[in-house]
Amino acid sequence: MEPSADARPNAVEPTDHGAFAWSFVVSCVADACRADVAGSSFDVGSRLAAARRSAESAFEAYQKFLGTDPKHVDAIVDAMARAIDPECARLGQMAVDETGYGNADHKRMKDLMNARGTADWLRDITTLGMLWRDDAAKIAAIGEPMGVVAALIPVTNPTSTIIFKVLSAVKA
């Protein structure tokens, strides 16, 4: 699938699909959210610096993503959701190990349903270009990328929340 003619020259290539987006997400999460647990100190300055670096990386990725054809965006979201399938058991276990909450198998199922269900639901939603138009009122809604999105992740559902938020943000 080729990017549209009006796409920026640095738009994400079709072959990049989920690997590009997930490698970016993983690196940002790893940079900004490395936890110093078990009695070590919490250094606010280094956390802020890590968050700033992550935001800068996110903005660079956003710049590359601008102009990507909507059908290509759908393919990326689908590829990202499929990339979660083989990782759900590991992610569920990691969430339980790190937080001490829940059941790993339940988290695995939730991650799997979340990835598939979110991608399926987002597939037919228009998020770019003309969203709707009211000729009588002479108004229209135009969808366009908004930039970097940051979110707090709850300790009770860390992986499923990230899956949902990332798939939604990439589509939007």
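Shown above is the structure to which this text applies.
Calculation notes
- Residues numbered from 1 in each chain as written.
- Predicted model: local features only at pLDDT ≥ 70, side-chain atom pairs only at ≥ 80, totals over all residues.
- Heavy atoms only, no water.
- Helix = DSSP H or I, 4+ residues; strand = E, 2+ residues; numbered from the N terminus.
- Buried < 20%, exposed > 50% of the residue type's maximum accessible area, 1.4 Å probe, protein only.
- Contact = heavy atoms within 4.5 Å.
- Core = buried A, V, L, I, M, F, W, Y, C linked by side-chain atoms within 4.5 Å.
- Pairing = 2+ DSSP bridges.
- Expected span 1.5 Å × (residues − 1).
- Salt bridge = Lys/Arg side-chain N within 4 Å of Asp/Glu carboxyl O.
- Axes fitted to C-alpha atoms, helices over the stretch in contact; angles between N-to-C directions.
- Parallel < 35°, antiparallel > 145°, perpendicular 65-115°, else oblique.
- Left-handed = near helix turned anticlockwise from the far one by under 90°.
- Nonpolar A, V, L, I, M, F, W, Y, C, P; charged D, E, K, R; others polar.

Moving on to the overall build of the protein chain. Along its length, the protein chain carries six helices and two strands. When the helices and strands of the protein chain are placed in sequence order, the string is α-α-α-α-α-β-β-α. Considering the protein chain as a whole, with its 172 residues, one finds that 34% of them fall into the buried category. In the protein chain, the proportion of contacts linking residues at least 24 apart, taken out of those at least 6 apart, comes to 67%.

Moving on to the nonpolar core. What tends to happen in soluble globular proteins is that the nonpolar side chains get buried as a cluster. Among the nonpolar cores identified, the biggest contains 17 residues, and Val-77, Met-80, Ile-84, Leu-167 and Val-170 are the most heavily contacted of them. Mapped by element, the contributors of at least two residues to this core are helix 3 (70-84), helix 4 (88-99), helix 5 (104-123) and helix 6 (158-171). Considering each element in turn, this core owes the most residues, six residues, to helix 3.

Bridge count for strand 1 (residues 129-134) against strand 2 (residues 139-143) is five bridges, and the pairing is antiparallel. Residue pairing for strand 2: Gly-129 is matched across the bridge by Gly-143.

Quick look at helix 6 now. Along its 14 residues, helix 6 runs 20 Å from first to last C-alpha, staying within 8% of the 20 Å computed at 1.5 Å per residue. Burial analysis of helix 6 places 10 of its 14 residues in the buried class, the great majority of the element. Of all the positions in helix 6, only Pro-158, Thr-159, Ser-160, Thr-161, Ile-163, Val-166, Leu-167, Ser-168, Val-170 and Lys-171 are classed as buried.

Let's shift gears to the pattern of salt bridges. Applying the stated criterion to the full structure yields seven salt bridges. Asp-105 is the salt-bridge partner of Arg-108, the closest N and O atoms lying 2.8 Å from each other. Residue Arg-108 and its partner Asp-105 are both found in helix 5; the two are separated by three residues, about one turn of the helix. The partner of Asp-120 in a salt bridge is Arg-123, with the nearest N and O atoms 3.0 Å apart. In this pair, Asp-120 and Arg-123 are both assigned in helix 5, three residues apart and thus about one turn of the helix distant. The exposure class assigned to Arg-123 is partly exposed, which follows from its relative accessible area of 34%. Each of Asp-78, Asp-120 and Arg-123 takes part in a single network of salt bridges with overlapping partners.

This brings us to the packing of helix 5 against helix 6. One way to put it is that helix 5 packs onto helix 6 with a least axis distance of 9 Å and a crossing angle of 15°. With respect to helix 6, the axis of helix 5 lies roughly parallel. Handedness of the crossing formed by helix 5 with helix 6: right-handed. Along the contact surface, helix 5 presents Lys-110, Asp-111, Asn-114, Ala-115, Thr-118, Ala-119, Leu-122 and Arg-123, while helix 6 presents Thr-159, Ser-160, Thr-161, Ile-163, Phe-164, Leu-167, Ser-168 and Lys-171. Partitioned by chemical class, the residues of the contact of helix 5 with helix 6 number six nonpolar, six polar and four charged.

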